[in-house]
Amino acid sequence: MSPRIAVVGGGPAGLTFARVMHRHGRPVTVLERDPAPDARPPGGTLDLHEGMGQLALKKAGLLTEFAALSRPEGQAMRVLDTDGTVLRDWRPRPDDRANPEIDRGQLRDLLLGPLDVRWGRSVTEVVPDSGRDGVAVCFADGRRERFDLVVGADGAWSRVRRALSPATPRYTGVTLVETSLDDVDTRHPGLARLVGDGSLAVYGVNRSLVAQRNSGGHVKVYAQARVEPDRQPGLDPADTEAVRAHLLALFDGWAAPLLDLLRHGTAFAHRPLHALPAPHTWPHVPGVTLLGDAAHLMPPLGVGANLAMLEGAELAESLAAASGPGGPDEAVRVFEERMWERAGRWAEMTLAGLDRLVGPDPAQALALWDEVQPS
Ligand SMILES: Cc1cc2nc3c(=O)[nH]c(=O)nc-3n(C[C@H](O)[C@H](O)[C@H](O)COP(=O)(O)OP(=O)(O)OC[C@H]3O[C@@H](n4cnc5c(N)ncnc54)[C@H](O)[C@@H]3O)c2cc1C
């Protein structure tokens, strides 16, 4: 009899895991809290790296579909000074496929494909119960169900993590406010040219502004600033004009076209950035493991989703290859060791990177950009 496997969370980690398992003919129950795939806005664009997110899609047999949907031109990157001077203007070669962009919603639909997700299943607790009939998964509606293996891919505020580790995400000192502009090419042609085909970044003292083109003329804008936890401005995120006024004051003195990105933004979302301690490990518990942000939440510097997908694909391949009674548990152990080592390195790098990107010396941000950008 094949083991009963559940993955909690239908984000990049959980869906990639389930999709690669599906490719190997191994059924997985996907338990997702959202009531439907389009229950909330899917978020911005993701660049999928050749050796990470794209490798995961290859393992899922989805690379051709990804190539058709993704935007290689979205790799373009421009850095401006706060007075609007262009400091860097990097454009990819036409055949460059190292880090093409894809909208999160498109990626989700691509991964969903034939998967049978149980929507509206909010998990409250997971109880490992070795020796009895597997691991109990408890739901918000009071139901319980048992599985042989539960994979926690339930993101930053994971409920599954509590069965393995007492660690909780800590505030990084940086808060991000997200807004967006629709139909930019028609409604804001000047801003459309400013952002270009890819991303625009501006670094000031303890703050930064990033704008990214998504498909369909949609631009996401991220305003980031160092804010002490007890100095959060106490604004109601739903009060769009109050948040806008606060941001315009925070970025006062920056070039007018940059401020226009905030002036024309529609709704604002408030996201204090949190991270788990790095490296985050735990004593192995048979029947439960973690993937993606649930295992190693780190600052959003372009690797979180890539790692989440790669881990999902690797765990699925290891489980599919495991045979014999101790097989699946040994496969999980080996997977965890590898994940901790790799994710630990990335977590340390992104924490240090955030200090440089949103820090007291904007020259550090530019230097970091030069270190990571292909020549
Ligand atoms: C502003 C921003 C920009 C980013 N840009 C990039 C980028 O360019 N590149 C990159 O690689 N990464 C990026 N990241 C990081 C990336 O978003 C995450 O690392 C990635 O989404 C992690 O995937 P995941 O599947 O582990 O978790 P999530 O995407 O958080 O998915 C978790 C899923 O679990 C579900 N869930 C949660 N709790 C429960 C529960 N109790 N029961 C059932 N289901 C539950 C959620 O509804 C969700 O569907 C960015 C992050 C932010 C905030």
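In what follows, the structure referred to is the one given above.
Quick summary incoming for the structure in this document. In this text, all values refer to a predicted model and were calculated from it rather than measured experimentally. Along each chain, residue indices are assigned from 1 in the same order as the chain's sequence is written. Selection of residues for local features in this predicted model requires a pLDDT of at least 70, selection of side-chain atom pairs for listing and counting requires 80 or more, and totals for whole chains, interfaces and linings are taken over all residues. Only hydrogens and water are set aside when side-chain values are computed; all heavy atoms of the structure are taken into account.

Focus: the sheet that holds strand β11 (residues 149-152)
Stage number 1. Pairing between strands is defined by DSSP: at least two bridges between them are needed. Counting from the N terminus, the helices are the DSSP runs of H or I reaching at least four residues and the strands are the DSSP runs of E reaching at least two. The parallel open sheet is built from five strands, whose spatial order is β7-β2-β1-β11-β17. Both outer strands of the open sheet, β7 (117-118) and β17 (288-290), are each paired with one neighbouring strand and no more.
Stage number 2. Relative to β11, strand β1 (residues 5-8) runs parallel, the two being bridged by four bridges. For I5, the partnering residue across the bridge sits in β11 and is L149.
Stage number 3. This element, helix α1 (residues 12-23), spans β1, β2 (29-31), β7 and β11 of the sheet and lies at about 155° to β1. Contacts are residue-level and defined by heavy atoms, with any inter-residue pair within 4.5 Å sufficient. The axes used here are C-alpha line fits, helices contributing only the stretch in contact, and every angle between their N-to-C directions lies in the interval 0 to 180 degrees.

Things to note about the side chain of D34
Stage number 1. If you trace the backbone, D34 turns up in the loop between β2 and β3 (45-47).
Stage number 2. Pairing of N or O atoms within 3.5 Å defines a polar contact, subject to two protein rules: one partner must be a possible hydrogen donor and the other a possible acceptor, and residues neighboring in sequence count only if both atoms are side-chain atoms. Engagement of the side chain of D34 in a polar contact is seen with the side chain of R40, the distance being 2.9 Å.

A look at the packing of α1 against helix α10 (residues 304-321)
Stage number 1. Close contact between α1 and α10 brings their axes to 7 Å; oriented N to C, the two are set at 30°. On the basis of their axis angle, the class for α1 and α10 is roughly parallel. Crossing hand, α1 versus α10: right-handed. In this structure, α1 uses P12, A13, T16, F17, V20 and M21 to contact α10, whose residues at the interface are A305, A308, M309, G312, A313, L315, A316, E317 and L319.
Stage number 2. Any residue outside Ala, Val, Leu, Ile, Met, Phe, Trp, Tyr, Cys, Pro, Asp, Glu, Lys and Arg is labelled polar, Gly included; the first ten of those are nonpolar and the last four are charged. Within the contact of α1 with α10, the residues separate by chemical class into 12 nonpolar, two polar and one charged. We call two directions roughly parallel when the angle between them is under 35 degrees, roughly antiparallel when it is over 145, roughly perpendicular when it lies between 65 and 115, and oblique otherwise. By definition, turning the near helix anticlockwise from the far helix through less than a right angle yields a left-handed crossing, and turning it clockwise yields a right-handed one.

A short note on the site of the ligand
Stage number 1. By convention in these notes, a residue is near a molecule or strand provided one of its non-hydrogen atoms lies within 4 Å of it. Around the ligand lies a shell of 32 residues, among which E32, R104, V123, D293 and A305 are the nearest.
Stage number 2. Within the side chain of R104, a nitrogen or oxygen atom sits 2.7 Å from an oxygen atom of the ligand.
Stage number 3. Values of accessible area rely on a 1.4 Å probe in the Shrake-Rupley scheme; residue burial ignores everything except the protein chains shown. Calculation on the ligand without its partners gives an accessible area of 1,000 Å², and the protein chains cover 86% of this total.
Stage number 4. Within the residue set of the shell around the ligand, elements represented by two or more residues are α1, β3 and α10.

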